[in-house]
Amino acid sequence: MSRATLLVLADGRFPAGGHAHSGGAEAAVAAGRIKDAAGLEAFCRGRLHTSGLVAAALAATAALGVDPLLLDDAADARTPSAALRTVARKLGRQMMRAARSTWPSPELDALAAVRPKGAHQPVVLGLAARSAGLGPEDAAHVAVYEAVSGPATAVVRLLSLDPFDATRVLARLAPELDRVAADAVAAARRVPDHGVDALPAASAPLLDIGAEAHAGWAVRLFAS
Amino acid sequence: MSSAVRVSVDEPGAVGAPGAGGAVASGGRDSSVDSGIRAVARIRAEVDARGVSRLPVLEGEGPLAVRRVRSSGQEARVALVGAMSAPLGGDRLTVEATAGVGARLDIGSSAATIALPGQSERPARYDVRLSVAEDAELRWLPEQLISAYGSSLRMTTRAELAPGARLLLREEQVLGRAGEEPGALTSRLTVRCDGRTLLDQELSCGPGAPGGWDGPAALAGHRALGQLVVVHPELAHSPAEPRMLGEHAALTPLAGPGLLVTAVAADALLLRRVLDEAVRLVAW
Amino acid sequence: MHLDHSHDGPAAVSADAVRPDGRRRALRIGLGGPVGSGKTATVAALCRTLRDELSLAVVTNDIYTREDAAFLLREAVLPPERITAVETGACPHTAIRDDISANLEAVEDLEDEVGPLDLVLVESGGDNLTATFSRGLVDAQVFVIDVAGGDDIPRKGGPGVTTADLLVINKTDLAPYVGSDLQRMERDAKEQRAELPVVLQSLRSEHGVTDVATWVRERLAAWTAA
């Protein structure tokens, strides 16, 4: 693998739409559940071990070359919130566009053709990593990092949080990100033998509930 | 695998608390053996020639006692009445319930189930296997699962539905008895419909759960959470409209013929209030 | 990054002139400028002027609401299915410049759902003087400033004022009330922009959006002929 290629894919400026999303942080801030850097850290930790783990496992499995449509169904079943499914497909479509421009591949083309309105973002991310010559560990790392960096960036804007505090939160979480990515890859490697049921299904109730509430707001800074 | 009686805990209202502490009876837990009880309950409903659902199989075992309940309609009704408190650490409980083609089966429980610490270091397992055949209907509406301090339980609920099957399923988890820290609880809920997984979600909380389980993304201090799942063929072509049920509960259509209500609340009572409202909204 | 890819599938195009089905896509014109300068009012006026002669649609980029889209809907300048709102996550310039994926999808969906289209207007969220559209998103861009924002804005320049394909100095009717010197604004603007055109407009006057509409028609003629 190329470490620099991984940085290109993981860069927050990779043009795949992430900047417009808070990963549920906007709803949590509005409900008073995130008030400061400590709240951000607890939020990120919860997201990392639930939807972050699931996303990383899906991405790692896609990077291994498992049928992305099976994974797309598995992602649907693991995303009970309709609002979050819509977001995941929207971001998947944006990731698909960026990936096909950056690392074109027949596998990306094939998935784009059958899911023109977007497959779940982690699945596309994993396939993008594969097209870029990266492996499941890389895909999982990008997914877990996205799971926490999105909310951190958003909370800097939402609470005018000191950006150094937010970055320290990410740095403190780094060892946990590595562990979750490793767990995700281990789960991904079980899929060829045991099917997609081997993928984690960790959920966070308030992420789902908050996403549904947020989708109904008339005034908001972030799309999710 | 034989039935067992165990010394009760002083837990009014708990499933199977038999009153004053009794002695360990024959076939019961031997405290010198570090292994829990294995018990299986089997329930099967079949529809007869007159369209009435019967219960050709109704077997309980150990802490999983089952009772037929008088039914006012054509459905078969069953209550899990629990002959002792369970599950304790190391126990392995299984409930298998099947609604045969066209049958209507309604299963509830007489009281909350309390996961308690046991002699065994191993976590308890509680597996619920629901199977709903074509044109059959299953209502699985047990009372709460309470995760008591010091307990460790791994619960799985798996529902398999044939095409045209209907399901109303409620699960409620209460973290700790009043004023008590919760035990370790992992609960996975999987609903499969016509061979496809409609819902797969797992919740872990309490000691040893991955970080952040009680934080702002997950429970944020709420001590009761619940899910209500409805599967109905009509939801395939007219999906439910997403809606909030108060501040901490949401109804959302699933990616298929179902819907899910997810709720968190400060306590079991408040949670039930929200889910009761949800049942009124969504039950067919 | 939008030049070297194939056309054999959906959702591949960026600034390409040809849609995946081989048809030439609609001309895309971006309208940017500071908050309150009259972008939405200009878009509304353009829609009213051009809707009978062209098949057109609008993408709005609101900052924290869907208000601009709601305004256009309320004013009924176009049928609702021809107006799409993109959410920008507190960063309107990112959505039109650094990460244009959501806007590209909005434009493509409009072409798929209500096309064929001649023209898509992409309105940015109100931002600062540095916000410009990516060439990967639009074929030409209009920068709208107004006299009430201070008559030194053209002199100060910035990417929007100096490089936009058309600069609109809006609300000229307000100049006497806010003490802005129109001649000075026009002179400064022309100095900053060399050959690039400048339009002074008041949407309240009878002339209204005529000059901008004329410029749009010229761009469209050039696009169609290319």
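The shown structure was predicted, so the numbers you read here are calculated from the model rather than taken from an experiment.

Reading guide: rules and limits
Residues numbered from 1 in each chain as written. Chains lettered and ligands numbered in written order. Predicted model: local features only at pLDDT ≥ 70, side-chain atom pairs only at ≥ 80, totals over all residues. Heavy atoms only, no water. Contact = heavy atoms within 4.5 Å. Buried area = accessible area lost by both parts, 1.4 Å probe. Salt bridge = Lys/Arg side-chain N within 4 Å of Asp/Glu carboxyl O. Polar contact = N/O pair within 3.5 Å; in protein donor to acceptor, adjacent residues only side chain to side chain. Helix = DSSP H or I, 4+ residues; strand = E, 2+ residues; numbered from the N terminus. Nonpolar A, V, L, I, M, F, W, Y, C, P; charged D, E, K, R; others polar. Pairing = 2+ DSSP bridges. Axes fitted to C-alpha atoms, helices over the stretch in contact; angles between N-to-C directions. Expected span 1.5 Å × (residues − 1). Bend = angle between axes of the 7 residues up to and from the residue. Phe/Tyr/Trp six-rings, centres within 6.5 Å; stacked < 30°, edge-to-face > 60°. Buried < 20%, exposed > 50% of the residue type's maximum accessible area, 1.4 Å probe, protein only. 1 Å grid on protein atoms, 1.4 Å probe; cavity = no way out; pocket = protein on both sides within 12 Å on 5 of 7 lines; lining within 4 Å. Points joined across faces, edges and corners; volume = space filled by probe spheres on them. Left-handed = near helix turned anticlockwise from the far one by under 90°. pLDDT = per-residue confidence, 0-100. UniProt positions renumbered as here; feature names shortened; annotations may be inferred. Core = buried A, V, L, I, M, F, W, Y, C linked by side-chain atoms within 4.5 Å.

Engineer: So what about the interface of chain B and chain A? Which residues, and what values?
Structural biologist: In this complex, chain B contributes 36 residues to the contact, which on the side of chain A involves 31 residues. With both sides pooled, the region where chain B packs onto chain A buries about 2500 Å², and carbon together with sulfur makes up 61% of that total. Sorting the residues of chain B by area buried against chain A places Asp200, Pro216 and Ala217 of chain B first, and these three jointly supply 24% of that buried surface. Applying the counting rule to chain B against chain A returns three salt bridges. Residue Arg196 of chain B pairs with Asp73 of chain A through a salt bridge whose shortest N-O separation is 3.5 Å. At the boundary of chain B and chain A, one finds 14 residue pairs in polar contact (both at pLDDT 80 or more). If you list the elements that add at least two residues to the side of chain B that touches chain A, you get strand S13 (184-193), strand S14 (196-205), strand S17 (249-253) and strand S18 (258-265) of chain B. A per-element tally of the side of chain B that touches chain A places S14 of chain B first, with eight residues. Residue composition of the side of chain B that touches chain A, by class: 21 nonpolar, eight polar and seven charged.

Engineer: Please provide a residue-by-residue account of the sheet that holds strand S8 (residues 124-132) of chain B, values included.
Structural biologist: Residue and element names in this part refer to chain B. The strand order S2-S1-S5-S8-S11-S13-S14 describes an open sheet built from seven strands, whose pairing is mixed. With one partner strand each, in any of the chains shown, strand S2 (53-59) and S14 form the two edges of the open sheet. Strand-to-strand, the axes of this sheet are offset by a mean angle of 10°, without reference to chain direction. Bridge count between strand S11 (residues 152-161) and S13: 10 bridges; the pairing is parallel. If you follow Leu153 over to S13, its bridge partner there is Leu185.

Engineer: Just give me the short version of the sheet that holds strand S7 (residues 198-200) of chain C, but keep the residues and values in it.
Structural biologist: Residues and elements named next belong to chain C. Overall, parallel pairing links the seven strands, which are arranged S3-S2-S4-S1-S5-S6-S7 in an open sheet. Two strands close off the open sheet at either side, each with one partner strand: strand S3 (83-87) and S7. Each adjacent strand pair in this sheet contributes to an overall mean axis angle of 20°, direction not counted. Pairing between strand S2 (residues 56-62) and strand S4 (residues 119-123): five bridges, direction parallel. Within S4, the residue paired with Thr60 across the bridge is Glu123. Across the sheet, helix H8 (residues 182-193) touches strand S5 (140-146), strand S6 (166-170) and S7, and the angle it forms with S6 is around 165°. Most of the contacts of helix H9 (residues 210-225) go to strand S1 (residues 27-32), to which it runs at about 145°, and overall it touches S1, S4, S5, S6 and S7.

Engineer: For helix H8 (residues 136-159) of chain A, give the residues involved together with the corresponding values.
Structural biologist: All names here are of chain A. Here H8 is 24 residues long and its end C-alpha atoms lie 35 Å apart, about the 34 Å a rise of 1.5 Å per residue gives. At Glu146, H8 shows its maximal bend, which comes to roughly 30°. Once H8 finishes, Ser160 follows within two positions and takes phi at roughly 50°, a positive value.

Engineer: Lay out the packing of aromatic side chains with the relevant residues and their values.
Structural biologist: Residue and element names in this part refer to chain A. Within the structure shown, the criterion is met by one aromatic pair over all chains. Ring centres of Phe14 and Trp103 lie 5.7 Å apart, and the angle between their planes is 15°; this geometry places the pair in the stacked category. Here Trp103 lies in the loop between helix H5 (82-102) and helix H6 (106-114) and Phe14 lies in the loop between helix H1 (3-10) and helix H2 (25-30), a separation of 89 residues in the sequence. Comparing Phe14 with Trp103, the two get one shared label, buried.

Engineer: I'd like a rundown of the layout of surface pockets, residues and numbers included.
Structural biologist: In this structure, the second largest pocket encloses a volume near 440 Å³. Taken together, 22 residues make up the lining of the second largest pocket; nearest its centre are His49, Leu53 and Ala202 of chain A together with Glu202 and Pro210 of chain B. For the lining of the second largest pocket, the elements supplying multiple residues, two or more each, are helix H3 (37-64) and helix H9 (163-194) of chain A together with S13 and S14 of chain B. Looking at the lining of the second largest pocket element by element, the count peaks at four residues for H9 of chain A. Class assignment for the residues of the lining of the second largest pocket results in 11 nonpolar, six polar and five charged.

Engineer: Please provide a residue-by-residue account of the packing of H1 of chain A against H8 of chain A, values included.
Structural biologist: Residue and element names in this part refer to chain A. Close contact between H1 and H8 brings their axes to 10 Å; oriented N to C, the two are set at 30°. As for the relative orientation of H1 and H8, their crossing is right-handed in sense. Across from Leu6, Leu9 and Ala10 in H1, the residues of H8 making contact are Asp138, Val142 and Tyr145. For the contact of H1 with H8, the class distribution of residues is five nonpolar, no polar and one charged.

Engineer: Lay out the pattern of salt bridges with the relevant residues and their values.
Structural biologist: The final tally for this structure, using the stated rule, is 54 salt bridges over all chains. Ionic pairing is found between Asp11 of chain A and Arg13 of chain A, a salt bridge with its closest N-O pair at 3.4 Å. Residue classification places Arg13 of chain A among the exposed positions, given a relative accessible area of 68%. Arg93 of chain A serves as the salt-bridge partner of Glu105 of chain C, at 3.9 Å between the closest nitrogen and oxygen. Separated into two different chains, Glu105 of chain C in helix H4 (residues 101-114) and Arg93 of chain A in helix H5 make up a pair that spans both. You'll find Glu105 of chain C and Arg93 of chain A in the same group, each marked buried. Here the salt bridges share partners, and the residues they tie into one network are Arg93, Arg97 and Lys117 of chain A together with Glu105, Glu108, Asp109 and Glu113 of chain C.

Engineer: Let's hear about the pairing of S2 of chain B: which residues, and what values?
Structural biologist: Residue and element names in this part refer to chain B. Where strand S1 (residues 38-47) meets S2, five bridges bridge the pair, whose relative direction is antiparallel. Residue pairing for S2: Arg42 is matched across the bridge by Glu59. Between S1 and the antiparallel strand that follows it, S2, lie five residues; Gly51 among them carries a positive phi value of about 85°.

Engineer: Could you give an account of the confidence of the model for chain C, with specific residues and numbers?
Structural biologist: Residue and element names in this part refer to chain C. Considering every residue of chain C, the mean pLDDT works out to 88; 92% of them sit at 70 or more. Between residues 1-13, whose pLDDT stays under 50, and residues either more than four places distant or in other chains, the model counts 40 contacts. Interface confidence in the predicted complex, given as ipTM, is 0.96; pTM for the same model is 0.89.

Engineer: Any details on the side chain of Arg220 of chain A? Residues and values, ideally.
Structural biologist: Tracing the backbone shows Arg220 of chain A in the segment after helix H10 (205-215). A distance of 3.0 Å separates a polar side-chain atom of Arg220 of chain A from the backbone oxygen of His214 of chain A. Of the polar contacts made by the side chain of Arg220 of chain A, one reaches the side chain of Glu87 of chain C; its length is 2.4 Å.

Engineer: Which residues make up unusual backbone geometry, and what values do they have?
Structural biologist: Here Gly115 of chain C and Pro116 of chain C are connected by a cis peptide whose omega angle stands at 0°. The phi angle at Ser160 of chain A is positive, at roughly 50°, despite the residue not being glycine. In the Ramachandran plot, Ala76 of chain C falls in the positive-phi region, its phi being about 55° despite a non-glycine side chain. The residue Ala76 of chain C is located in the loop between helix H2 (67-74) and S3 in this model.

Engineer: Tell me about the UniProt feature "binding site: GTP" (unreviewed entry) in chain C, and name the residues and values.
Structural biologist: Residues and elements named next belong to chain C. In the numbering adopted here, UniProt assigns the feature "binding site: GTP" (unreviewed entry) to Gly33, Pro34, Val35, Gly36, Ser37, Gly38, Lys39 and Thr40. Residue class for Gly38 comes out buried when judged on its relative accessible area of 13%. Not counting residues up to four positions away in its chain, the partners in contact with Gly38 are Val144, Asn170 and Lys171. Looking at where Lys39 falls in the secondary structure, it is placed in helix H1 (residues 39-50). Excluding residues within four positions of it along the chain, Lys39 makes contact with Leu31, Gly32, Gly33, Pro34, Glu123, Ser124, Gly125, Gly126 and Val144.

Engineer: Let's hear about the nonpolar core: which residues, and what values?
Structural biologist: Core analysis: the largest hydrophobic core is formed by 71 residues, its most contacted members being Leu9, Ile34, Leu40, Leu71, Met95 and Leu199 of chain A. If sequence neighbours within four positions are ignored, Leu9 of chain A has contacts with Phe14, Met95, Trp103, Leu125, Ala129, Leu134 and Val142 of chain A. Among the nonpolar cores identified, the runner-up in size contains 57 residues, and Ala99, Cys205, Ala250 and Leu254 of chain B belong to it.

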